Amino acid sequence: MKIETVQTGEHAGCPTIRELPIGIDATGERHETDSMGGVDVPADRYWGAQTQQSLQHFAIGDDRMPKRVYHAYGTVKKAAALVNAAAGRLASWKAEAIVRAADETASGALDGHYPLYVWQTGSGTQSNMNVNEVLSNRAIQLLGGRLGSKAPVHPNDDVNMGQSSNDTFPTAMHIATVLELDEVLLPAADRLAAAIEAKASGWMDVVKTGRTHLQDATPLTVGQEWSGYAHQIRRAIDGVVASRAGLYELAAGGTAVWTGLNAPTGFGRDIAAKIAELTGKPFVTAPNKFAAQGGLDAMVAAMTSVRGLAVVLMKVANDMRWLASGPRCGLGELILPANEPGSSIMPGKVNPTQCEAMVMVCIQVVGEDNAVAFAGSQGNFELNAMRPIIINNTLHSIRVLGDACEKFRTYSVEGTTLDRKRIDAMVERSLMLVTALAPVVGYDRASKIAHRANDEGTTLRQAAIKEGVAEGEFDRIVVPRAMTGSGLSGS
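Residues numbered from 1 in each chain as written. Predicted model: local features only at pLDDT ≥ 70, side-chain atom pairs only at ≥ 80, totals over all residues. Heavy atoms only, no water.

### Side note on the overall build of the protein chain
Here is step 1: Looking only at helices and strands, one finds 17 helices and 8 strands in the protein chain.
Here is step 2: Relative to the 2.2 N^0.38 estimate, which gives 23 Å for 491 residues, the radius of gyration of the protein chain is 31 Å and therefore markedly larger than a compact globule would have.
Here is step 3: Here the C-alpha coordinates of the protein chain stretch approximately 105 × 50 × 40 Å along the principal axes.
Here is step 4: Taken across its 491 residues, the protein chain has 50% of its residues classed as buried.
Here is step 5: In the protein chain, of all internal contacts separated by at least 6 residues, the share reaching a separation of at least 24 is 72%.
Here is step 6: Working note: accessible area of the protein chain is about 22000 Å², and carbon and sulfur atoms make up 53% of it.
Here is step 7: Looking at charge distribution, the protein chain has the averaged site of its 46 positive side-chain charges lying 3 Å from that of its 52 negative ones. (Helix = DSSP H or I, 4+ residues; strand = E, 2+ residues; numbered from the N terminus. Rg over C-alpha atoms; globule rule 2.2 N^0.38 Å. Buried < 20%, exposed > 50% of the residue type's maximum accessible area, 1.4 Å probe, protein only. Contact = heavy atoms within 4.5 Å. Areas by Shrake-Rupley, 256 points an atom, 1.4 Å probe, with all protein chains shown as cover. Lys, Arg positive; Asp, Glu negative; His and termini not counted. Charge placed at Lys NZ, Arg CZ, Asp CG, Glu CD.)

Here it is as structure tokens:
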């Protein structure tokens, strides 16, 4: 195929980029090569020999490398091409073609050309080469060349210029994680916290029975209880936000063993600045590449913060499904939205399905965090070769927890109401109201009153009167609303 070139002007003799849609109009296979030899690849795919070999060698399960990693890689490769072109190391026409293909990768338009499994080389080399091969072949196509020829755009010499899998894969990991946190988890968690805060505000004067050790305790208000949920979520969100600081430090520029071999002076700084410009996030070059590439501490910390949010959400979801248990024979304080039938055999049954889904997601996140922490401890010398499992688990946890927050808010929290009759009846029956009597009649006498009421099946008021407490005195002292305090001012 003849490559068309610019005929006049400053770029005379340089290949021109064609306006070609994505896609290869070919069937069968084409032959691609790498340093290990040659292999046939599907003719309608942009990937090359290393990608094809990885597909054969690591066809383990159904787990594919998250597409968000490749989207982030598109940003890395675009930034590298722009920096290399600006410094005169890469011809501008090559850079333009690589950038075009990198933009298509970052947008998801080339997702069908990134097929690799999670379970691959621990450095992520094959995913890096998958990107290099796809960008090379797509750029070659745009320039009118022959796919698989590695000319005029070479996957290693041009697309991977100044880079290594060892520094670009952790860089893509950090970018992907930051974007997933900012676009998926944090907005959804914030909306959930706001919905719970709104419920808490509306229910601040509704007195209910408190519970500790799963047993009756002194009263509080429903709003106070829900304010606790909201505050826990807010603090967990703060932890997730804080974890991004480590993720903003990028390993790019360290190359193979973090000495920067084959990367020009200042490349790490320049590519980090370009990535920050392209993403709008405050990415910087890591101050110590040996730490950035030999360990995965920032990823472990980020996953830990996600687990922290999951721990809180599990508590909230469990509380809600217990408080909604019934409707006749459970606690029955909350009325959750009836979203779907709850049984194939019991007519009329409705289950707390959103709460159950949230609990399962949280269990999954805690499990994935354990794997990330363990993988994070497996670094050896200048490389942690457990990167794929860490980024897969982290992105999966962020995605499912973010989605669960959104569904939990929409289909459970926002539609939850109170059974006031049930709540009021349980407050009236509570024996722990006797706590207010203890300072007046003494602990032992108050305990005797509570036990008598329980044994005889009477109200606390009836038992107290039988034990010699005047009706007026009981009514003056035992006022459930006055027992709730504030709980919000640190008192």
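Next comes the rest of the description.
### Some remarks on unusual backbone geometry
Here is step 1: The step from A151 to P152 runs through a cis peptide bond, and the omega angle for that step is 10°.
Here is step 2: Counting through the fold element by element, P152 comes out in the loop between α4 (125–142) and α5 (155–159).
Here is step 3: With an omega of 10°, the peptide bond between G326 and P327 qualifies as cis.
Here is step 4: Phi is positive for K150, close to 65°, though the residue is something other than glycine.
Here is step 5: Counting through the fold element by element, K150 comes out in the loop between α4 and α5.
Here is step 6: Its relative accessible area of 23% is what places K150 among the partly exposed residues.
Here is step 7: We note that N262 has phi near 75°; this positive angle belongs to a residue other than glycine.
Here is step 8: With respect to the helices and strands, N262 occurs in the loop between β5 (249–250) and α8 (267–279).
Here is step 9: Residue classification places N262 among the exposed positions, given a relative accessible area of 68%.

### Some thoughts on the packing of aromatic side chains
Here is step 1: With the rule as written, the count across this model stands at 5 aromatic pairs.
Here is step 2: Measuring from ring centre to ring centre gives 4.6 Å for Y70 and Y114, while their planes differ by 15°; the resulting arrangement is stacked. Of the two residues, Y70 is situated in helix α2 (residues 67–86) and Y114 in the loop between α3 (92–107) and α4; the sequence distance between them amounts to 44 residues. Both residues of the pair, Y70 and Y114, count as buried. (Phe/Tyr/Trp six-rings, centres within 6.5 Å; stacked < 30°, edge-to-face > 60°.)

### A look at the environment of R387
Here is step 1: By secondary structure assignment, the location of R387 is in helix α12 (residues 387–413).
Here is step 2: In this structure R387 comes out as buried when scored by relative accessible area, which is 0%.
Here is step 3: The sequence separation of R387 and N166 amounts to 221 residues, and the corresponding C-alpha distance is 10.0 Å.

### Focus: the pattern of salt bridges
Here is step 1: Enumeration over the complete set of coordinates arrives at 31 salt bridges.
Here is step 2: Across the pair E180 and R399 runs a salt bridge whose closest N-O atoms are separated by 3.0 Å. Residue E180 is located in helix α6 (residues 165–202), and its partner R399 is located in helix α12; the two are separated by 219 residues in the primary sequence.
Here is step 3: For E180, a relative accessible area of 4% puts it in the buried group.
Here is step 4: Assessed through its relative accessible area of 36%, R399 is described here as partly exposed.
Here is step 5: Between E471 and R461 there is a salt bridge, with its nearest N and O atoms 3.4 Å apart. With a gap of 10 residues between them, E471 in helix α17 (residues 471–477) and R461 in helix α16 (residues 460–466) connect regions that are remote in the sequence.
Here is step 6: A relative accessible area of 46% means that E471 is categorised as partly exposed. (Salt bridge = Lys/Arg side-chain N within 4 Å of Asp/Glu carboxyl O.)

### Focus on α4
Here is step 1: Taking 1.5 Å per residue, 18 residues should reach 26 Å; α4 reaches 25 Å between its end C-alpha atoms and fits that length.
Here is step 2: Of all 18 residues in α4, 17 are buried, a share of seventy percent or more.
Here is step 3: Of the residues one or two after α4, G144 is the one with positive phi, at around 85°. (Expected span 1.5 Å × (residues − 1).)

### Some remarks on the pairing of strand β1 (residues 29–34)
Here is step 1: The alternating pattern of β1 places R30, E32 and D34 on a buried face, while none of E29, H31 and T33, on the opposite face, is buried.
Here is step 2: Sheet topology note: the β1/strand β2 (residues 37–42) ladder contains 6 bridges and is antiparallel. Each bridged residue has a counterpart across the sheet, and for T33 the counterpart in β2 is G38.
Here is step 3: In textbook terms, the turn of a hairpin is the stretch between consecutive antiparallel strands, and for β1 and β2 this stretch comprises 2 residues. (Pairing = 2+ DSSP bridges.)

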